[in-house]
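Examining the three-dimensional arrangement
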Amino acid sequence: MPEKPQISTLQGDNVHREWSRFKYPQSLINYGILLAILLFFAYSVHYLNIPLERILGMFGRLGDVLANRYYPPDLVYIVDKGYLGAIIETIQMAYLGALFGLLMAIFLGWFAAYNVSPSRRYIYPVARLVAMGCRSVHEMIWAILFVTILGFGLLPGVLALTMFSIGFAGKLFAEEVESIDMGEVEAIRAMGGTHLQIFVFGVFPQVRVAFTGIAIYTWDVAFRAATVVGFVGAGGMGWYLKRNIMQIETERTAAILLSIIVLVVISEFVSAWARSRVSRAK
Amino acid sequence: MQDQTSPLTLDDIVRLRRKKQRTHFGFYLILIGLVLWSVQATVIDDTDWERIGSLTDVGESVAHFIGIDFGLIPSLLGPTIETFMIACIGTLLGLVICIPAIWFGALNVTPYKPVTYPIARIAMTLSRSIHEIVWALIFVSAVGLGAFAGILAIAARSLGFIAKMSAEAIENIDHKPVEAIRAMGGNNLQVMLYAILPQVLPVILGIVIFEWEINIRRSSVLGLVGAGGLGLVFFRQMNTFNYPGVTTVILAILGLILIGEVVSHYARKAMI
Amino acid sequence: MAILEVENLRSKYSASGPEILKGISFEVEENDFFAIIGPSGAGKSTLIRCINRLIEPTSGDIRLDGTDMLSLNAKSLRRMRRHIGMIFQEFNLINRMSVMDNVLSGRLGYVGSLRSIFRVFSNSDIQRALELLERVGLQDHIDKRADQLSGGQRQRVGIARALMQEPNLLLLDEPTSALDPKISREVMELIRTMATELKVPVLCNIHDVQLAKEFCNKIIGLQDGNKMFDGPTETLNQNSLDEIYEMEVL
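Thresholds, definitions, all that
Residues numbered from 1 in each chain as written. Chains lettered and ligands numbered in written order. Predicted model: local features only at pLDDT ≥ 70, side-chain atom pairs only at ≥ 80, totals over all residues. Helix = DSSP H or I, 4+ residues; strand = E, 2+ residues; numbered from the N terminus. Expected span 1.5 Å × (residues − 1). Buried ≥ 20, exposed ≤ 12 C-beta atoms within 10 Å, placed from the backbone. Contact = placed C-beta atoms within 7 Å. Nonpolar A, V, L, I, M, F, W, Y, C, P; charged D, E, K, R; others polar. Pairing = 2+ DSSP bridges. Axes fitted to C-alpha atoms, helices over the stretch in contact; angles between N-to-C directions.

Here we look at helix α6 (residues 132–143) of chain B
All names here are of chain B. Look at α6: 16 Å from first C-alpha to last across 12 residues, which is about the 16 Å you get at 1.5 Å a residue. Here α6 lies mainly inside the structure; 11 of its 12 residues are buried. Within α6, burial applies to Glu 132, Ile 133, Val 134, Trp 135, Ala 136, Leu 137, Ile 138, Phe 139, Val 140, Ser 141 and Val 143. Once α6 ends, the next one or two residues include Gly 144, with phi positive near 90°.

Right under this line is the structure:
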């Protein structure tokens, strides 16, 4: 059998080759960043006075509290007519807020899409700013603001959910519009279509299906938010939650929380089913 | 089988078009009617219109918010940092507790499908269905007021999203590297380290950064129920009717979110 | 007078970039089927798109029926574009809409915004659409979705749509590049027949020289943004072709 060639004699030259896993300066920067992040976390734990040693004890206490004070949940309370009415209100608040928000988000998505925005210099940046603004403010803050201006009730809740939906759906719509085939848009532009015609004929037919999926998703998330905006006075189930927490009615609180969880899970399943139907019907 | 031997005439086509348009129009009309009725039944009836007053009254209310309370700014620094930290540690903790959920929740690596997979999916659904405020309430009653409850709430809320997306990423891996490592005699751990993890880690990192950005937004309101951060300052400014102060806090929150977006943008670029 | 007069047209993609068109001049008369040929990257597509200002030229003159295209504001440009029909390489139909609605959309420039959104077109529009669809041979497909048609059928919808505009000029941007040779011939034949019938001049960007020679009466050849040839088809000989295409080294 012929002798297997030794690697070092293959080339026949005597050049010394090297490789190291550590690359200067890139590896240094990477490890530096990692170290900085870890230090930040360690400092944060210290800064926030997180009692690491007491953690396990706390979870024991949580189990205690759950078993004794929150169980059994007061189910009678939640099948009461008043609370059932609150559930209906929550659903209505959610879908009205999502509906108005989505309608406005369609236009916002159009204006905030770089490829088809009617005016890239003025309308586009403003639309992007509005979408970011609506998105960045938490729905609870919107709710508090509207309650302050308009008082308690469902109207501030609907408005808060509208603002939330505009931000949520607006960004998703804009991303969808930015990924269309521009050929169809070019055709409408070439024949002298106005901006609105370009949108209705060139953009919308392409994104209609995706928009429907996003709309269903938005409704689902809006419902989730609707269950808690009542906490700050905007009506619906959240209001009952707040009252019972304030009155330390723990079993009723447990029942309300349970009802919220059940309803949101149901809405999640319904929306997931609807979205899969929509994407199959493409 | 043909029930028409002659092609449609112009009149036929026009008639069909008009009919279709009228049906659509009628449908939309009914829909709008339902919505209007809904609005009437809830918003219009339920609202105390007298208290709101006229449009100018509303305008005045809004005008109260215009302005910045500069005196408040120094005392905002602490809570702002706190909010930021809650988001960071909360997201990290969420990732850590996610690991078993991801393992159980990916169809191709879950140890005992009929049992572990449903457990994971239920955990993910619960985590995502419960609003962060509700999580915060739960943890505040368990571990007391303060940032710790906030961190736990963020972690519990993030678990669902991170686990679901990461499990999907694992389910969608390319099997060719797995095949290659097995073919050269690698064991399960080596397959995980050399074939699965390199594909999946960048995706998971992207998911974590995405969720981290959203968590900054969530952390800002947890203080409303006592879980630390700017939420408490917001609450206090509201209660003392210091509306410019409220605006200032909101600006601080927006600033934090902006930082999150910038960091996330550069992190994404670095990953590609 | 020529329908389209182009004088010293120059175009760049960006202020600091290279010049794509380096001073092109030519005229299209009423009965012309005018071809633009040249190698890839010569600027043929850019030239076609400068005519209706889908791409903005940097300098030069374009006069359509005497109107100075480059001085029009946005609104007047839209009005002018109604009179220019365009047929695209990738058909650019609204894929999710029916053939009928696609052809009707050719009237968008003439119908008010609000009416067009609700797709209310006049009877005479519908009548004309049906006639055009019959002429291009698609009368049995009017309610099909555009993406259910073959390439050749889609381009015929494109032809019908462009002619719905009752245009003064037809622009074709490589109308047959996405079609196989036999269908390409049929499509070019159809365009030539209908353009002659309706007395519409055609300006056609085409990379298949054979098709250009067969269907077009005048040709200009572009190479690297410069006009290398301008004249009747008969005078295009192998020398001129070599100059235009400058035998690329493979």
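After that view of the structure, there is still more to cover.
Observations concerning unusual backbone geometry
Residue and element names in this part refer to chain C. The backbone of Asn 8 sits at a positive phi, close to 50°, despite the residue not being glycine. Residue position: Asn 8 is located in strand β1 (residues 4–12). Assessed through the 13 C-beta atoms surrounding it within 10 Å, Asn 8 is described here as partly exposed. Positive phi, normally seen in glycine, also occurs at Arg 53, with a value near 60°. Take Arg 53: it is sitting in the loop between α1 (44–51) and β4 (59–64). Its 19 C-beta neighbours within 10 Å are what place Arg 53 among the partly exposed residues.

Concerning the interface of chain C and chain A
The interface is formed by 21 residues belonging to chain C together with 17 residues belonging to chain A. Counting residues per element, the ones that place at least two in the side of chain C that touches chain A are α2 (74–81) and α4 (113–117) of chain C. When grouped by side-chain class, the residues that make up the side of chain C that touches chain A number seven nonpolar, eight polar and six charged.

Some details on the interface of chain B and chain A
On the chain A side, the residues contacting the 39 residues of chain B number 41 residues. Tallied by class, the residues present in the side of chain B that touches chain A amount to 24 nonpolar, nine polar and six charged.

Quick notes on the sheet that holds strand β2 (residues 19–28) of chain C
All names here are of chain C. Across the sheet, which stays open at both edges, the four strands sit in the order β2-β1-β4-β5 with antiparallel pairing between neighbours. Bordering the open sheet on either side are β2 and β5 (67–68), each of which pairs with just one other strand. Contacting β1, β2 and β4, α1 runs over the sheet at an angle of about 60° to β2.

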